[in-house]
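Architecture at a glance
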Amino acid sequence: MLDGLAEFGYWGLLLASFLAATILPLSSEVVFAALIAAGYDIWSCITYATVGNSIGGATCYYLGRLGKIEWLEKWFNIKREKIDGMISRLQTKGAIMGFFGFLPGVGDLMLVALGFMRANTSIVMISMTAGKFLRYLMIAFGTDRILSWF
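Cut-offs used in this document
Chains are numbered independently. Their residues run from 1 in the order of the written sequence. This being a predicted model, a pLDDT of at least 70 is required before a residue's local features are given, and a value of 80 or more before pairs of side-chain atoms are given or counted; all residues contribute to the totals for chains, interfaces and linings. Each side-chain value is derived from all of the structure's non-hydrogen atoms; neither hydrogens nor water enter the calculation. Definition of nonpolar core: a set of buried residues of the types Ala, Val, Leu, Ile, Met, Phe, Trp, Tyr and Cys, connected through side-chain atoms within 4.5 Å. A simple rule labels every residue: compare its accessible area, found with a 1.4 Å probe on the protein chains alone, to the largest value its type can have, and call it buried under 20%, exposed over 50%, or partly exposed in between. Runs of E in the DSSP output that reach at least two residues are strands. Runs of H or I that reach at least four are helices, and both are numbered from the N terminus. Here, two residues are considered to be in contact whenever any of their heavy atoms come within 4.5 Å of each other. In this description, one arc is meant: the one made by directions from the helix axis to the C-beta atoms. Any Lys or Arg side-chain nitrogen located within 4 Å of an Asp or Glu carboxyl oxygen qualifies as a salt bridge.

Here the focus is the nonpolar core. What tends to happen in soluble globular proteins is that the nonpolar side chains get buried as a cluster. Membership of the largest hydrophobic core comes to 18 residues, with the highest contact counts inside it found for I83, L111, L114, M117, A119, V124 and M125. Of all the secondary-structure elements, those providing two or more residues to this core are helix 4 (42-65), helix 5 (69-76), helix 6 (80-91), helix 7 (106-116) and helix 8 (121-148). The element that contributes the greatest number of residues to this core is helix 7, accounting for 4 residues. Discounting chain neighbours no more than four positions away, the residues touching M117 are L72, I83, M86, I87 and L90. Judged by nonpolar contacts, the second largest core, of 14 residues, contains A16, L35, I36 and Y136.

Attention now goes to helix 3 (residues 28-37). Within helix 3 the residues assigned to the buried category are S28, V31, F32, L35 and I36. Considered in projection along helix 3, the buried side chains sweep an arc of 135 degrees and stay on one side of the axis. Directly beyond the C-terminal end of helix 3, a positive phi value near 95 degrees is found at G39.

Counted according to the given criterion, the structure contains 1 salt bridge. Between E29 and R135 there is a salt bridge, and its shortest N-O distance comes to 1.9 Å. One end of the pair, E29, is in helix 3; the other, R135, is in helix 8, with 106 residues separating them in the sequence. According to the relative accessible area criterion, E29 is partly exposed, its value standing at 24%.

So, to be careful, I would describe these as geometric facts and stop short of saying anything about function.
Next up, the structure:
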């Protein structure tokens, strides 16, 4: 499937990056590296991959926001005061954890949890996008460096 997405160039990369940032177990790095190896512009690849992956991360965040705080009280027997304290912390410092939304496996769950706990949307989106951008930047120049050896 990922090989097929590479055939669509930047738009395939955008779609692969979006799908990889959702709960689907896909790796956009394959399409990303394939396009760089095929001679596509590195900065355009970074931009499309970051945008697609950030939209996928935002989807996870907003899926988490669909959850109800009352579920924590009911199903996990957590007191409302403790929940309110967690929400208060996430509104300020905790929202920066969105930066780590690029991490495989746990990043998507972290974004869902930040949404569920109503972390500050602006901070989550900015920090998440910065993390995803830096990840693709490192992958792009690493891929380019490896390709220069051949």
